[in-house]
Amino acid sequence: MKAFEYGDQEISSAQMAITIASILIDVGILTLPREVAEVTESSDGWISIAATGLIAIACAWFIGKLAIRVGTKGLYDYSASIITRPLAFMFMLGLSAYFLLFSAYEVRSIANTAKQYLFEETPAEVIALIFLLVVAYAVSGTRIGLIRLNVLFLPMVIVIAFVVMGLSYSIFHLGDLKPFFITDWKQITNGMKRSEYPFLGFETVLIYISIMNKPKDAPKAAVLGVVVPLLLYLLMYMVTVGVFSNASLRQIKYPTLELAKEVHVPGEFFERFESMLFTIWLLTVFNTMSMAFDCAVYCLSALFRKVKRTTWVVMLCPLIYLICMEPQDNVDFDRLGRLVCDFANVFAYAVPILILLLSLLRRRKSHAP
Amino acid sequence: MFKQLFFRRAIARTAQAAAAGPAPGRPLSASLKETLEAIRTTLHAPNDLIIREFIVGSVNCPFALVCIDGLVDNNLVNEQVLKPLIHYCGADETGSALLNTVECEVLTSFELDRVATLDDSLLAILSGDTLLVADGAATGLLVGSRGWKTRALEEPQTESIIRGPRIGFTEDLRTNTSLLRRRIRDTNLRFDIQRIGRRSRREVMIAYIDDIVHPALVPELKRRLDTIDMDDVEGSGYVEQWIADSFLTPFPLILNTERPDKVSGALLQGRIAVLVDGDPFALVLPITLSSCFQSPEDYYQHWLISTLTRILRLVAAFMATFLPALYISLLEFHHGMIPSRLAFSIAGAREGVPFPAVIEAFMMEITLELLREAGLRLPKPIGQTIGIVGGLVIGEAAVAAGIVSPIMVIVVAVTAISSFALPSYSFAISLRMLRFGIMLAASVWGLFGVIMAYIMINVHLVNLKSFGIPYSTPFVPFFARDWKDLILRAPVIFMDFRPKLTQSLNPVRLRRTKKR
Amino acid sequence: MRLKPLLQCVACCACLLLAGCWDRVEIDQRGFVVGVGIDESTDKERYLGTYQFVVPGGLKQSSANSSASTNTQAYFNLSTTGSSMSALSAKMASQTSRSPYFEHLKLIIVSESLAHKPEEFSSLMDYFLRNSEMRRGVKVLVAEGKAVDALSVTPKNERMPAAYIESIVNNNRKTTYMLPETAIGQIHEYLMRKESYVIQRIAASRNGLVSVSGCAVFDGKTNRMVGELTGEETQGLNLLKGQVKGGVLEAGEGVERVDFLIERSKRTIRIDNTGDRLTFHIHVQLEGVIDKSPNSINFTQKPAVVEVEEVLEKRMQDICYATIRKLQLTYRKDVLDLGMYLYENHYKLWKTLAGNWEQGKDLFSQVNIQVHTNAIVRRTGNINQSHSHENRADVNANTTTKKEN
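Note that the coordinates shown come from a computational prediction; the quantities given were computed from them, not determined experimentally.

**Details of the overall build of chain A**
Okay, so step 1: Helix and strand content of chain A: 14 helices and 0 strands.
Okay, so step 2: When the elements of chain A are put in sequence order from the N terminus, they spell out α-α-α-α-α-α-α-α-α-α-α-α-α-α.
Okay, so step 3: A compact globule built from 369 residues would reach a C-alpha radius of gyration of about 21 Å, and chain A, at 21 Å, matches this within 12%.
Okay, so step 4: If one aligns the C-alpha atoms of chain A with their principal axes, the spans along those axes are about 55 × 50 × 40 Å.

**Some words on the interface of chain A and chain B**
Okay, so step 1: Taken together, the contacts link 30 residues of chain A with 37 residues of chain B.
Okay, so step 2: For the side of chain A that touches chain B, the elements supplying multiple residues, two or more each, are helix 6 (124-139), helix 7 (143-167) and helix 12 (273-303) of chain A.
Okay, so step 3: Per-class residue counts for the side of chain A that touches chain B are 18 nonpolar, 6 polar and 6 charged.

**Regarding the packing of helix 3 (residues 45-70) of chain A against helix 8 (residues 185-194) of chain A**
Residues and elements named next belong to chain A.
Okay, so step 1: Between helix 3 and helix 8, whose axes approach to 8 Å, the crossing angle comes to 55°. As the angle between them shows, helix 3 and helix 8 are arranged oblique. Seen from above, helix 3 lies across helix 8 with right-handed handedness. Of the residues in helix 8, those touching helix 3 at Gly-45, Ile-47, Ser-48, Ala-51 and Thr-52 are Ile-188, Gly-191 and Met-192.
Okay, so step 2: Looking at the contact of helix 3 with helix 8 residue by residue, the classes come out as 4 nonpolar, 4 polar and no charged.

**Brief notes about the sheet that holds strand 6 (residues 189-196) of chain B**
All names here are of chain B.
Okay, so step 1: The strand order across the open sheet formed by 5 strands is 6-7-9-10-8, and the pairing between neighbours is antiparallel. Pairing within the sheet leaves two strands with one partner each, and these edge strands are strand 6 and strand 8 (255-257). Within this sheet the neighbouring strands show an average axis-to-axis angle of 25°, counted without direction.
Okay, so step 2: Two strands pair when backbone bridges link them, and strand 9 (residues 272-276) and strand 10 (residues 282-285) are joined in this way by 3 bridges, in the antiparallel orientation. Of the residues in strand 10, the one forming a bridge with Ala-273 is Val-284.
Okay, so step 3: Contacts from helix 7 (residues 217-226) reach strand 6, strand 7 (202-209) and strand 9, with the element oriented near 170° to strand 7.

**A word on helix 5 (residues 118-127) of chain B**
Residue and element names in this part refer to chain B.
Okay, so step 1: Those residues of helix 5 not exposed but buried are Leu-118, Ser-121, Leu-122, Ala-124 and Ile-125. For helix 5, the angular spread of the buried residues around the axis is 165°, confining them to a single face.
Okay, so step 2: If you follow the buried residues of helix 5, they end up packed against helix 2 (32-43), strand 2 (61-68), strand 3 (112-115), strand 4 (130-134) and strand 5 (140-143).
Okay, so step 3: Note on helix 5: the residue one or two positions beyond its end, Gly-128, has a positive phi of about 115°.

**Digging into unusual backbone geometry**
Okay, so step 1: Here the amide bond leading from Lys178(A) into Pro179(A) is cis, since omega sits at -5°, within 30 degrees of zero.
Okay, so step 2: The linkage connecting Leu285(B) with the following residue, Pro286(B), adopts the cis geometry, with an omega of -10°.
Okay, so step 3: With respect to the element layout, Pro286(B) can be found in the loop between strand 10 and helix 10 (297-300).
Okay, so step 4: One non-glycine residue with positive phi stands out, namely Asn223(C), at about 55°.
Okay, so step 5: For Asn223(C), a count of 23 C-beta atoms within 10 Å gives the class buried.
Okay, so step 6: At Asp362(C), a position not held by glycine, the phi torsion is positive, near 55°.
Okay, so step 7: Take Asp362(C): it is sitting in the loop between helix 12 (347-353) and strand 13 (368-379).

**What to know about the sheet that holds strand 13 of chain C**
Residues and elements named next belong to chain C.
Okay, so step 1: A sheet is described by the order of its strands in space; here 4 strands give the open sequence 10-11-12-13, paired in mixed fashion. In the strand order of this sheet, the two ends are held by strand 10 (248-251) and strand 13, each with one partner. Adjacent strand axes in the sheet meet at a mean angle of 40°, parallel and antiparallel pairs treated alike.
Okay, so step 2: For strand 11 (residues 258-272) and strand 12 (residues 279-292), the ladder comprises 13 bridges, and the chain directions are antiparallel. By the bridge assignment for strand 12, Leu-261 is matched with Val-289.

**Here's the deal with the packing of helix 1 (residues 13-24) of chain A against helix 7 of chain A**
Residues and elements named next belong to chain A.
Okay, so step 1: Relative to each other, helix 1 and helix 7 sit at 70°, their axes nearing to 9 Å. Between helix 1 and helix 7, the angle falls in the class roughly perpendicular. Along the contact surface, helix 1 presents Gln-15, Ile-18, Thr-19, Ala-21 and Ser-22, while helix 7 presents Ile-147, Asn-150, Val-151, Phe-153 and Leu-154.

**Brief notes about the nonpolar core**
Okay, so step 1: Counting residues in hydrophobic clusters, the biggest one holds 321 residues, and the most contacted among them are Ile20(A), Val205(A), Ala273(B), Val450(B) and Val110(C).
Okay, so step 2: No other element matches the 19 residues that helix 12 of chain A contributes to this core.
Okay, so step 3: Those residues in contact with Val110(C) that sit more than four places away from it in its chain are Ile38(C), Ala115(C), Phe121(C), Leu124(C), Val140(C), Val142(C), Ala143(C) and Ala147(C).
Okay, so step 4: Counting residues in each nonpolar core, the second largest holds 27 residues, with Val72(B), Val115(B), Ala134(B) and Val143(B) among its members.

**Considering the pairing of strand 2 (residues 47-54) of chain C**
Residue and element names in this part refer to chain C.
Okay, so step 1: The buried count for strand 2 comes to 8 of 8 residues, which makes it a mostly enclosed element.
Okay, so step 2: The alternating pattern of strand 2 places Tyr-47, Gly-49, Tyr-51 and Phe-53 on one face and Leu-48, Thr-50, Gln-52 and Val-54 on the opposite face, and all of these are buried.
Okay, so step 3: Note: strand 1 (residues 31-40) against strand 2, 7 bridges, orientation antiparallel. Looking across to strand 2, one finds that Val-33 is bridged to Phe-53.
Okay, so step 4: Bridge count for strand 2 against strand 3 (residues 75-82) is 8 bridges, and the pairing is antiparallel. Looking across to strand 3, one finds that Tyr-47 is bridged to Gly-82.

**Some details on the environment of Glu189(C)**
Okay, so step 1: With respect to the secondary-structure elements, Glu189(C) resides in helix 8 (residues 184-193).
Okay, so step 2: Taking the number of C-beta atoms within 10 Å as the measure of exposure, Glu189(C) has 22 and is therefore buried.
Okay, so step 3: Placed 114 residues apart in sequence, Glu189(C) and Tyr75(C) show a C-alpha to C-alpha distance of 32 Å.
Okay, so step 4: Apart from residues lying up to four places away in sequence, Glu189(C) is in contact with Phe244(A), Ser245(A), Ala247(A) and Ser248(A).

**A few points about the domain arrangement of chain B**
All names here are of chain B.
Okay, so step 1: For chain B, the domain assignment lists domain 1 (17-143), domain 2 (173-287) and domain 3 (299-470).
Okay, so step 2: Across the contact, 14 residues belong to domain 2 and 12 residues belong to domain 3.
Okay, so step 3: Of all the secondary structure elements, the ones that give two or more residues to the side of domain 2 that touches domain 3 are helix 7 and strand 8.
Okay, so step 4: For the side of domain 2 that touches domain 3, the class distribution of residues is 9 nonpolar, 3 polar and 2 charged.

**Topic: the interface of chain C and chain A**
Okay, so step 1: Counting residues at the interface gives 16 residues for chain C, matched by 19 residues for chain A.
Okay, so step 2: Every element with two or more residues in the side of chain C that touches chain A is listed here: helix 8 and helix 11 (338-345) of chain C.
Okay, so step 3: The greatest single-element share of the side of chain C that touches chain A, amounting to 5 residues, is contributed by helix 8 of chain C.
Okay, so step 4: Residues that form the side of chain C that touches chain A fall into these classes: 4 nonpolar, 5 polar and 7 charged.

Rules used in this analysis
Residues numbered from 1 in each chain as written. Chains lettered and ligands numbered in written order. Predicted model: local features only at pLDDT ≥ 70, side-chain atom pairs only at ≥ 80, totals over all residues. Helix = DSSP H or I, 4+ residues; strand = E, 2+ residues; numbered from the N terminus. Rg over C-alpha atoms; globule rule 2.2 N^0.38 Å. Contact = placed C-beta atoms within 7 Å. Nonpolar A, V, L, I, M, F, W, Y, C, P; charged D, E, K, R; others polar. Axes fitted to C-alpha atoms, helices over the stretch in contact; angles between N-to-C directions. Parallel < 35°, antiparallel > 145°, perpendicular 65-115°, else oblique. Left-handed = near helix turned anticlockwise from the far one by under 90°. Pairing = 2+ DSSP bridges. Buried ≥ 20, exposed ≤ 12 C-beta atoms within 10 Å, placed from the backbone. Arc of directions from axis to C-beta. Core = buried A, V, L, I, M, F, W, Y, C linked by C-beta atoms within 7 Å. Domains from an automatic or database assignment.

So, in structure tokens, the structure goes:
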């Protein structure tokens, strides 16, 4: 039946903020406490996380400003008008490579974690494949459907995160947080570098600005979308330090899941809560990955307009799968994560901010409605 | 091969044209004999066709009365049509002039219409009207005389409620429209009729309230109804399946109900109703996921009770879909998640059971579906027995024989009861279908499979539209105003706006100007 | 034409499903292990591991007909030797029909002789911390004698020894003679921080029961057990660490004996760094109810209450100082968490002392620890006095004077 359109095809700024928050909350938080505790002392890692968060908020603000200028014109066309078409081509290509690497990292991370916590025998390849196929199914639907999924799943994820943190009050020792402020600046900076990954993702506002119905609110939405995960990360970090203490936190691979393993659910209804937490967490990782995949498809289809969306999805799936199966062990996997951060720093932050500065310098009129 | 295709289409076209019947617009002949002959030939002189020829007036103009026995109200035809005409002995006109006089001064029936073509008159005769033709007049008179046997108004069986009106629609369109009119006395209530079906020429009526409904919705619905080109629209189910946005989805995109209060409530919310002659089930569109959890009873009870009942329905929907899958995944994959004591007792209970939990679950679910289908077909007293026999005896026997574990029986029973707790039958059956898919996913990958299946269902829901409105409204897109009637059923005095999802022109429906 | 790719798709999807179900294991095929005991092995292998498996059928049958078959046990112990814990598990899998499944593990009992060897304890804990089937809440105990004896007791009102021991381990609400439960997650923290720690101790007694009382003291640097504290010394330790949740404090002798049922305790530490020695002032406060009054004093008079409180406070001080002496002089290990206190609250000071706290200059054994105690008797039970010390005539006279007043 021919579709009849009078429903919404645009997203509000609240939905944009929720989308960005949902993209930010992904596999990063599962290992963030350990990563930061490894280089800081006591509970001072919160300074690193807060500092990275503030930088992310500032970046989000600037990228939001750029997004207003991009407007409905499309990122490729707008950047071509600022930095000439060949450079814009490279930029979009780099951006799509970044999104593809991001997706691959997410899939592999899920496969690793699921293999450790949910499955014994099932091969990690199969887990990754299933997850990738479900994401591909989602991305081959409508773009606005993906945004709606974000809005649907994020409340569940935040609620379960708070439930886990709240239920751990019985094993939480305030004394484990002390002493405060004993770490030096070098360690804090190290911690900041390690906490970059959980804050990646707000650059997608550049791509979804075209379907926002109030583009002027993009910076506000982007900032709000970073603030919520920042608070969650800080809380989670403090809770894990209080429960495990810095000394053993450094050694626990997935502190968030171990926290869920330890909580005592009143009524003894569930024993190992981490399976429940992890399955709910799959929802937000699914969201992150589907948005990243969709952004990659958007970037590539902006460059090669003749190719249909479903064709892109079918072509990119094997590529993502191969990338995600390439790391052989944990060390390689960390390398992939750092590669993702490096790509992000260049293509998702440096170049857009550069474009923004250039556009300010040239005082080009913005094409925002 | 291409030639075959090409010819196949051409052949199909001519066959269609042949089946279409005579080209419309053949005018009635002025000669009475010719008209009657045409009628007899076209209908092939069935023996329930009554043609009464008589003479009217002092000029002895031949008249004929044509109707189908069984469809007409005999008394009306005799008393209101035949009697005054036969007793009329005035006027010296003939032909059309006489027909005019008859129309204005003689006939005592209140439903009169003029008809000029043969096809219209045949359609009217076959619908139960009486045709009055005069020799010398090229038009005929149609007297409304429908009087077949209809069912008495009774409570709908599939949607009985504790408190509220106990009237349901019947198969007669006129009765149904009268039921709606009695509930809404608004001058803006519109009933637009279309005839659908080449051979059945069934009346399909669109009901809406003009200044509430979104202006683009009705034309779209009419466009979709126009695309129906079948022999017979056998029931509202056919119409529903044709005009729905997608036939691939298991979820109901159009609501069907037998209750007039549900329909009138929907009309006042800004939706449209479609009633099909011959089917007591009316269609309500557009709907979203929220409609699947609402029942008219919610509005007749206290808001607190209704809210808790709705929460219960959500829990029931969740259990009806996920419980067997969760059972499978907890018992086959994630033994650590069950509390220790329970795990040991379940392991002890399953010691002698030959089948793995997966096979057990599928077996029991299929058995339950069989019982359910059997219970539907059997006459009432035996149907009840089957329910009890099936539930208690077979379950007990299976457990005693050691084929299934008792926990499986509990899970299956709770699942079945939960699916009966949902007010919308079409939604319940779609959940039944999904349940098996999720069970399959759970049996291969455990909880991971369950959550992947859940994500896939959500992806599907989020991309679904019912007449332009996203199906997952008001969950997302989030309309805060609509949440007053979603899970919470706000007290009556707070429901002052129509649901935002219908995008009605006139959203205010309640004013709190006077002090209570 | 369009059918072929569709079929290929279906075939691929079917392969995913058919080849799957890797992880599907029937719940009655699992060998649930609820308790693990590790002893020194007498032959050439290093460890003798005893696993306590649950027999779910035994659990079920007993609940159905309690009188019929009492010899269907709900558990069985399987012992085997191996050179490491993983080797033990692997060997076990070749001896039992249902391979060991640790997700419901509740207890780990290590024998004293193993605990005395340096670094043995930590290498044992490594297996249990690393394996993802275990939880960090598994309780660890040190057995006086052999661990397998503790797992072989025959409890009267529980189906399995592991369940029996587990329910005892949580009973520190009723007695101060045992530590609060020591979970392996907490031990991981100790091991990483290289500080000395104490673990609950279990002893199997002759009549088929166990008693969890006292504790084992471990050295943080070498992770070996250096000694134990008796029940009373553990009571002092609990008081000093503020871990008392309940239990009875007994003071006095003979008819003057007073029993004090503890409800709450509070502990604060202050340090005093003036002077040549670092001094810790530990304030311990207990609140509770009188369970047995000393020779039926009259609690309606304030001086009597104060007197009882003083007796209790004196007793608390005796216990605490005894424990402190043992820890400072005999073992020289800081399990009072005084070092932790310095680390958390006086970090700069701690940095200067850290290297020498338990090693080197042995600073812990030289600090001055002052204990200030406070006992508050909130209530005295249902009655005031149980028996009177006055003559009947005096009692009557007293009551009449009261009436007149």
